[in-house]
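Each chain is listed here by its residues.
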Amino acid sequence: MHELSICQALIAQVELLAREQRAQRVLSLALAVGPLSGVEANLLRQAYPFAAAGTVAEGAELAIEDRPIRVHCTSCGQDSDATANRLLCACCGDWQTELVSGDELILSRVEFEREQAYV
Amino acid sequence: MCDTCGCNITHGNQHLIAPGGKLQKTERGSEAIGVLKNLLSENDHTAAHNREHFDRHGVFAVNLMSSPGAGKTSLLEASVDALRDRYRIAVIEGDLETENDAQRIRSRGVEAVQITTGSACHLDAHMVHDALHQLKLEGIDILFIENVGNLVCPASFDLGQHRNVTLLSVPEGDDKPSKYPVMFRAADLVALTKVDLLAVLDDFSTDRALSNVRALANAAPVLELSVKRDETMEAWLAWLEQEVQQHRQRCQRGETVRPRIQPDGARLHALAT
């Protein structure tokens, strides 16, 4: 269960961004999480309120976009969908593929309210 | 991947950055900023710092990962015995509790630092950084980092190592790579350990284990080892020696290397542009 430490890292980044943007309050956060990141979205959702408590992100809505697993085949050049334990090309069946998406663990968007003086 | 050069932006995720500027007004009139920051960037920053530290001293760092009891410490003991006349070796041991593993290594005349994580199920770059304060890296050729026995969490944290080695012991079953794809996808080398038990555990197929690793699009060498059979250790020791030599050459050129799974983002970024 490393989701709590990942949530704490998330909150640290949000606090830094909020300072940079002179935000008074963070309203929402959007994450993109792929199955191959090794992080479970539901566990993140459970850990999030504990990590956010007492910070500028307390009460902010957390939206998690589940990213699909897509591979690029280095043999036939096609992109296709795949599953976590079968990263094979769906077109030619070759295993020599590269991941296009599915391992993301990314903070993609932060919505905030600024202090009045800076609006 | 880092968050400064844009290598984490691929054609698979670039739509996540809003077009027409990063800062946008939302429907409810507040402001939103598109960031695309890796959530582990703080860990990755420390990991990069650790890697620079290793490279400055010409140290080749290997992260050993597996389930508990797969034979990481036994493999280290056998490797230390085989290599200590030619290479200077140090070990960082990660466990929830006890100094047992560090003592096993020290009894072989090699410096070992034990990290006890308490309840944490993995090592992270900060813990390794703290452990490095207790080690003199001058003159070390190989640093083994034995991660906490766990096939899940350690795969998500870069420690600053140059290579990942994942062990799969015969009693665990040949389908572990399919059950724990994140871990086995991260391996630069997969060591099938305790192969002396294949004679009694005949439901383990090394061919199936290999094809389960390949199904993760992982081209890493898959070696069959038993610390009880010296002849099986040769390929493993040869791989290590080759990696040490290659790393020395890289350090002389001012270059470094990261475990295979991480440069994917940079490669795909090149494809996308």
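Residues numbered from 1 in each chain as written. Chains lettered and ligands numbered in written order. Predicted model: local features only at pLDDT ≥ 70, side-chain atom pairs only at ≥ 80, totals over all residues.

(A) Quick look at the sheet that holds strand β6 (residues 142-146) of chain B. Residues and elements named next belong to chain B. As summarised here, the arrangement of the seven strands in space is β5-β4-β6-β3-β7-β8-β9, forming an open sheet in which the pairing is parallel. The open sheet has two edge strands with one neighbour each: β5 (111-116) and β9 (222-224). With direction set aside, neighbouring strand axes in the sheet form an average angle of 20 degrees. Both strand β7 (residues 163-169) and strand β8 (residues 189-193) contribute to a ladder of five bridges, which runs parallel. In the sheet register, L168 faces β8, and the bridge partner there is L192. Running over the sheet, helix α7 (residues 206-214) touches β7, β8 and β9 and is turned about 160 degrees from β9. (Pairing = 2+ DSSP bridges. Helix = DSSP H or I, 4+ residues; strand = E, 2+ residues; numbered from the N terminus. Axes fitted to C-alpha atoms, helices over the stretch in contact; angles between N-to-C directions. Contact = placed C-beta atoms within 7 Å.)

(B) Summary view of unusual backbone geometry. Residues and elements named next belong to chain B. Although it is not a glycine, T98 sits at a positive phi angle of roughly 75 degrees. You can see T98 is positioned in the loop between β4 (89-95) and α3 (100-106). Unlike most non-glycine residues, A217 shows phi in positive territory, near 60 degrees. On the secondary structure map, A217 appears in the loop between α7 and β9. Among the residues examined, A217 registers 24 C-beta atoms within 10 Å and is labelled buried. (Buried ≥ 20, exposed ≤ 12 C-beta atoms within 10 Å, placed from the backbone.)

(C) Just the packing of helix α1 (residues 3-20) of chain A against helix α2 (residues 41-52) of chain A, in detail. All names here are of chain A. Put simply, α1 and α2 touch, their axes get as near as 8 Å, and they point 50 degrees apart. Considering the angle they form, α1 stands oblique to α2. By crossing handedness, the relation of α1 to α2 is classed as right-handed. Listed contacts from α2 to E3, L4, I6, C7, Q8, L10 and I11 of α1 are L43, L44, A47, Y48, F50, A51 and A52. Partitioned by chemical class, the residues of the contact of α1 with α2 number 12 nonpolar, one polar and one charged. (Parallel < 35°, antiparallel > 145°, perpendicular 65-115°, else oblique. Left-handed = near helix turned anticlockwise from the far one by under 90°. Nonpolar A, V, L, I, M, F, W, Y, C, P; charged D, E, K, R; others polar.)

(D) Broad picture of the pairing of β4(B). All names here are of chain B. Burial within β4 is extensive, with seven of its seven residues counted as buried. Across the two faces of β4 the burial is the same, with I89, V91, E93 and D95 and A90, I92 and G94 all buried. As defined by bridge partners, β4 adjoins β6 across five bridges and the pair is classed as parallel. Of the residues in β6, the one forming a bridge with I92 is I145. Here six bridges tie β4 to β5, and the two strands are oriented parallel to one another. Among the inter-strand pairings, E93 is bridged to a residue of β5, identified as Q114. After leaving β4, the chain enters α3 and then returns to the sheet as β5, a path that is right-handed. (Right-handed = clockwise from strand over helix to strand, strands pointing away.)

(E) Local environment of the interface of chain A and chain B. Counting from both sides, the interface comprises 40 residues of chain A and, opposite them, 37 residues of chain B. Only α1, β1 (23-33), β3 (70-73), β5 (97-101) and β6 (105-114) of chain A provide two or more residues apiece to the side of chain A that touches chain B. When residues in the side of chain A that touches chain B are grouped by element, the largest group, 10 residues, is from β6(A). By the bridge criterion, six bridges tie β6(A) to strand β2 (residues 31-38) of chain B in an arrangement that is antiparallel. Bridged to I106(A) within β2(B) is N38(B).

(F) The environment of I142(B), seen in detail. Residues and elements named next belong to chain B. Among the secondary structure elements, I142 is positioned in strand β6. Considered as a pair, I142 and H53 are 89 residues apart in the sequence and their alpha carbons are 13 Å apart. Here I142 is in contact with F60, V62, Y87, I89, L240 and V244, once residues within four sequence places are set aside.

(G) Structural view of the domain arrangement of chain A. Residues and elements named next belong to chain A. According to the domain assignment, chain A contains domain 1 (3-67 + 102-118) and domain 2 (69-100). Put simply, the middle of domain 1 and the middle of domain 2, counted by C-alpha atoms, are 31 Å apart. Listed as interface residues are five residues of domain 1 and, on the opposing side, four residues of domain 2. Classifying every residue of the side of domain 1 that touches domain 2 gives two nonpolar, two polar and one charged. (Domains from an automatic or database assignment.)

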